[in-house]
Structures are given as C-alpha cells and as structure tokens.
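Single-letter residue listing:
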Amino acid sequence: MKRELYALFAGGLFGVGLFISGMTETDKVQGWLDVFGQWDPTLAFVMGGAIIPMFFAWRYTNNRQPVLGGDFPAKPDPKVGRNLIIGSTLFGMGWGLAGLCPGPSIASLSYGGWPHWLFFAAMISGMIFAPRFRERLDSMVPAE
Amino acid sequence: MQMDWIMGLVGGAIIGLGAAAYLLINGKIMGASGILGGLVDGSGRDSFRERLFFLAGVFIAPALIVMFRGGIETQATTNVLVLVVAGLLVGVGTRIANGCTSGHGVCGISRLNLRGIVATVFYILAGGITVVLFRHILGVI
C-alpha cells in the first residue's frame, strides 16, 4: 500500500502544480503557442520551474536506489526514431487545437465541464487505437 | 496578468517536486500519458494500482482546491469536432512518441536526454503552427 500512497501524493502535487501554473487553462496554453498573436510566455516559466527540481533529482539518483526499493529508470536509448518525431508532431497538433495535454486534461476534469470530458474521452480512444496505428506505421516502412 | 509568470514558476516548481517525489520514492518517471496509457492498453498491468492512485491524486487535488477556493473559468472550445480530433491526436501521438509534456518535457529535458529535447521541440513547433493556422488563417479556434 505504501507505493500507492506515495503515488497518490506525487499525483496530488502534480495536480496542484498544474492548477496553479495555469496549465489547465486552455487559453494560456494556446497563448503560449500563438507566436503571431498575443504571445503569452507563462508556459516557459512553468517548464523552467518544473525542470529545476528534476535536474537535481536526477543528479541525486547516481549510485542510489529509490526509497521504496528497486532501481531507477535506466538511461534510455538516445536514438531519435521516426515514431518519436511523428508522435510528437501529432501530439503537438492536438495540444494546439484544444490547449490541453494529458496531465492537465485529467487535472481539469472536476471543474472544466463537458468539453474537458469530451477531450478526455477522445484522448483515451486515441490511446486504445495507438498500438494498431504504430503497427501500421511499422508495416509501411520497415522499423528503424 | 503580471502575476501570471510568478504563478507559472511556483506551479511549475510544484510539478517538478511531484516528479521528483515519484522518481526518488517510487523510482518511476512521471509521464502523464505513459501512466494513463499503460492503464488504458493494459501494458501497465504490473503496476495497475500505483498508476491508478497517481492519477487519482492528479484528479482529486485540483478538485479540492476548486471546492474550497472556488473555480476558474474554463475557456476550452465548445466545438465538438475540434475537441474530438484534438483528443484523438493527443492520445495517439503521445503513445507513438512514448511521452508528452511531463515525460519528455519535464523528466526528459532535466535529464539532458536527447529524445526528450527533440520531442519537446517537435510538439511545440507543431502546436505553434497549428494555432497559427487554425486561429489566424482558418479562424476555427
């Protein structure tokens, strides 16, 4: 049960941070992406504020173990593949269209009203469909 | 309006603390799309409860703030087609790319991981072009 309680705590911090920073406000997100309109630089501060504690957290992981045991995630393969580029581009398009990404979508469900629920339902559908889409991609061009 | 960047910085730091807690205590990368996606497609069966509790925290904490402090006006579009297409793109895209703003952006960049940096550049570029195209040229959003 310990793992679950700490996960709840981390998720709670994430949710509070998303709420306070304005990441669940679709206007703000689209304002950040709208470089030719009324550009809103807030998101750069959000990203900066989040990266700083994580930068030190990663350094702390050297030669140590997580509090609850096991191992820290291995350094991933640095190879930039086709799926990373295609997936990130599709994600960015959706992010721009609605002003919501996965974390803020969940964080805003309780107060966002039906548009946030509809976006959430569509996002889940996309996640269910994704493995089949990935197979399609791999069959079109041999995987890298 | 001048307060926005302070709230962004403070909120961002809390997001980073959440990610740091999840990493240092549970030993996991805090990626919202990965945690949710693993529940949805069954690939995260081994850590089902941990994922569920994390997502419950993401949902409940803002709900409590709104309950006690009052909500914020949401400005999400009410265009059903835009919402559905956007949601599908975010769902498929984050799973194909293996991450989103939290996983690639917050956890990847802070590790100076090339994949995280490249993913972030591409989703911000794609988002920027999409907003310019659909707001200023097509007038849809």
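Quick notes on the rules
Residues numbered from 1 in each chain as written. Chains lettered and ligands numbered in written order. Predicted model: local features only at pLDDT ≥ 70, side-chain atom pairs only at ≥ 80, totals over all residues. Heavy atoms only, no water. Helix = DSSP H or I, 4+ residues; strand = E, 2+ residues; numbered from the N terminus. Buried < 20%, exposed > 50% of the residue type's maximum accessible area, 1.4 Å probe, protein only. Contact = heavy atoms within 4.5 Å. Areas by Shrake-Rupley, 256 points an atom, 1.4 Å probe, with all protein chains shown as cover. Lys, Arg positive; Asp, Glu negative; His and termini not counted. Charge placed at Lys NZ, Arg CZ, Asp CG, Glu CD. pLDDT = per-residue confidence, 0-100. Buried area = accessible area lost by both parts, 1.4 Å probe. Salt bridge = Lys/Arg side-chain N within 4 Å of Asp/Glu carboxyl O. Polar contact = N/O pair within 3.5 Å; in protein donor to acceptor, adjacent residues only side chain to side chain. Nonpolar A, V, L, I, M, F, W, Y, C, P; charged D, E, K, R; others polar.

## What about the overall build of chain A?
No. 1: Per the secondary structure count, chain A includes six helices and zero strands.
No. 2: Across chain A, helices and strands are ordered from the amino to the carboxyl terminus as α-α-α-α-α-α.
No. 3: Along the three orthogonal principal directions, the C-alpha set of chain A runs to about 45 × 45 × 30 Å.
No. 4: Within chain A, the fraction of its 144 residues that count as buried is 53%.
No. 5: In chain A, the share of contacts with a sequence separation of at least 24, taken over all contacts with a separation of at least 6, comes to 52%.
No. 6: For chain A, the accessible surface area stands at approximately 6700 Å², while carbon and sulfur atoms represent 64% of it.
No. 7: If the 11 positive side-chain charges of chain A are averaged to one point and the 10 negative ones to another, these points end up 8 Å apart.

## Focus: the confidence of the model for chain B
No. 1: Taken over all residues, the pLDDT of chain B has a mean of 95, while the share at 70 or more is 99%.
No. 2: Confidence estimates for the predicted assembly give a pTM of 0.96 and an ipTM of 0.96.

## Quick look at the interface of chain A and chain B
No. 1: Across the boundary between the two partners, chain A contributes 104 residues, which contact 98 residues of chain B.
No. 2: Buried surface at the junction of chain A and chain B, both sides included, amounts to about 9200 Å², of which 78% is carbon and sulfur.
No. 3: The interface formed by chain A and chain B holds four salt bridges in total.
No. 4: There are 22 residue pairs in polar contact (both at pLDDT 80 or more) connecting chain A and chain B.
No. 5: Among the elements of the structure, α1 (2-21), α2 (26-33), α3 (42-60), α4 (82-98), α5 (102-107) and α6 (114-140) of chain A are those that each provide at least two residues to the side of chain A that touches chain B.
No. 6: When residues in the side of chain A that touches chain B are grouped by element, the largest group, 19 residues, is from α6(A).
No. 7: Taken together, the residues that form the side of chain A that touches chain B break down as 66 nonpolar, 26 polar and twelve charged.

## Here's the deal with the pattern of salt bridges
No. 1: Applying the stated rule across the entire model yields eight salt bridges over all chains.
No. 2: Across the pair B:E50 and A:R3 runs a salt bridge whose closest N-O atoms are separated by 2.8 Å. Placement of B:E50 in helix α3 (residues 48-69) and of A:R3 in helix α1 is noted, with the two residues assigned to different chains.
No. 3: Among the ionic pairs, A:K28 bridges to A:D40, the shortest N-O distance being 3.4 Å. Residue A:K28 is located in helix α2, and its partner A:D40 is located in the loop between α2 and α3; the two are separated by twelve residues in the primary sequence. The residues A:K28 and A:D40 share a single accessibility class, namely buried.
No. 4: Because the salt bridges share partners, they merge into one network encompassing A:R3, B:K28 and B:E50.

## Structural notes on unusual backbone geometry
No. 1: One non-glycine residue with positive phi stands out, namely A:N63, at about 55°.
No. 2: Inspection of the secondary structure puts A:N63 in the loop between α3 and α4.
No. 3: Judged by its relative accessible area of 83%, A:N63 falls in the exposed class.
No. 4: Notably, B:L112 is not glycine yet its phi reads approximately 55°, a positive angle.

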